[in-house]
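Examining the three-dimensional arrangement
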Amino acid sequence: MIPFYKYHGAGNDFVIIDDRESRFDTSDVELISKMCNRHFGIGADGLMLLREINGYDFEMVYFNSDGRPSSMCGNGGRCLVSFAAKLGVVSSECKFMAVDGEHKAVVHSQDDISLEMIDVDQIENIGKSDLLLNTGSPHYIVVSDDVDSIDLVTEARKIRYSDRFKEVGVNVNFIQRTSDGIQIRTYERGVEAETLACGTGVTAAAIASHELGWFESPVTVNAVGGKLNVSFDVKGHTFFNVWKRGPVELVFEGQYFVEGGK
């Protein structure tokens, strides 16, 4: 039996495991995929382990729902900070290690978390208004007049499986300027479907909105699953002191039965 916790950040949902004793087999792709499966498992966009690491409050180890290790997940990071606070591992502020390096976070409450993201200094312009940037994960930004009407999976896969991106993959975001910020819909690689929110995608959209001349910091981004806020400092085309704040919720906890005790 594997004890687990189910969290979501603006609808972006995760299975979280307290693995401070490093017992979980990170090479078991099939197990991770089954746990994340929405029909035969717990159901989640990804799975995270909270582990101990020298010099930091904890380490974040993240897997996409396909069972494979992934790049940084911003909403996952916020959920893991909330979980760490629940366990008493951290209090109001913390510092942890993730696949893209060190992150700081602020616990306003267990359901309201701010996370510092990496600096962004390379933004590629593609075509008339598309942008490509890395906010811990690679994101392709497409400007739309009506994100609600888009056949998101079909259109996103044209980019995600294009010659340039088909091997490594890319997350695809369609964004629309609104009166109070940005509306966004995101297709995530590894999940290979639309997710209700994506932390690195929301961050990429906010930075893109500045590059497009839409907004100054802070930027409100409305994802399908909820509202998040992104603030940053900028010098030229370098974005630093990037922080993302938004909601987190513990949905339920339980134990996952592993047949055969694997």
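Worth saying up front: this structure is predicted, and the values here are computed from it rather than measured.

Moving on, we get to the overall build of the protein chain. Across its full length, the protein chain holds four helices and 17 strands. In terms of overall dimensions, the protein chain is globule-like: its C-alpha atoms have a radius of gyration of 18 Å, near the 18 Å expected for 262 residues. Within the protein chain, buried positions represent 55% of all 262 residues. Excluding contacts between residues fewer than 6 apart, the proportion of contacts in the protein chain whose partners are at least 24 apart in sequence is 61%. Surface exposure of the protein chain reaches about 11900 Å², of which carbon and sulfur atoms provide 45%. When the 25 positive and 39 negative side-chain charges of the protein chain are each reduced to one mean point, those points stand 2 Å apart.

Considering the arrangement of structural elements, one finds Glu188 in strand 12 (residues 181-188). Among buried charged residues, Glu188 stands out as having no salt bridge; its nearest opposite-charge side chain is Arg189, 7.7 Å away. At a separation of 2.7 Å, a polar atom in the side chain of Glu188 contacts the side chain of Thr195. Apart from residues no more than four positions distant in its own chain, Glu188 is found in contact with Asn12, Asn171, Ala193, Thr195, Ala197 and Cys198.

Each neighbour pair has its own omega, and for Ser217 with Pro218 the value is 0°, a cis peptide bond. With respect to the secondary-structure elements, Pro218 resides in the loop between helix 4 (199-211) and strand 14 (219-223). Even without being glycine, Ser22 reaches a positive phi, approximately 55°. Within the secondary structure layout, Ser22 lies in the loop between strand 2 (12-18) and helix 1 (29-36). Overall, Ser22 belongs to the partly exposed group, its relative accessible area being 46%.

Per the stated rule, a full pass over the model turns up 13 salt bridges. Linking Asp13 and Lys6 is a salt bridge whose minimum nitrogen-to-oxygen distance equals 3.3 Å. Judged by relative accessible area, which is 8%, Lys6 ranks as buried. Connected through shared salt-bridge partners, Lys6, Asp13, Arg38 and Asp45 make up one network.

Conventions adopted
Residues numbered from 1 in each chain as written. Predicted model: local features only at pLDDT ≥ 70, side-chain atom pairs only at ≥ 80, totals over all residues. Heavy atoms only, no water. Helix = DSSP H or I, 4+ residues; strand = E, 2+ residues; numbered from the N terminus. Rg over C-alpha atoms; globule rule 2.2 N^0.38 Å. Buried < 20%, exposed > 50% of the residue type's maximum accessible area, 1.4 Å probe, protein only. Contact = heavy atoms within 4.5 Å. Areas by Shrake-Rupley, 256 points an atom, 1.4 Å probe, with all protein chains shown as cover. Lys, Arg positive; Asp, Glu negative; His and termini not counted. Charge placed at Lys NZ, Arg CZ, Asp CG, Glu CD. Salt bridge = Lys/Arg side-chain N within 4 Å of Asp/Glu carboxyl O. Polar contact = N/O pair within 3.5 Å; in protein donor to acceptor, adjacent residues only side chain to side chain.

Honestly, that's just the spatial picture; any functional story needs more than this.
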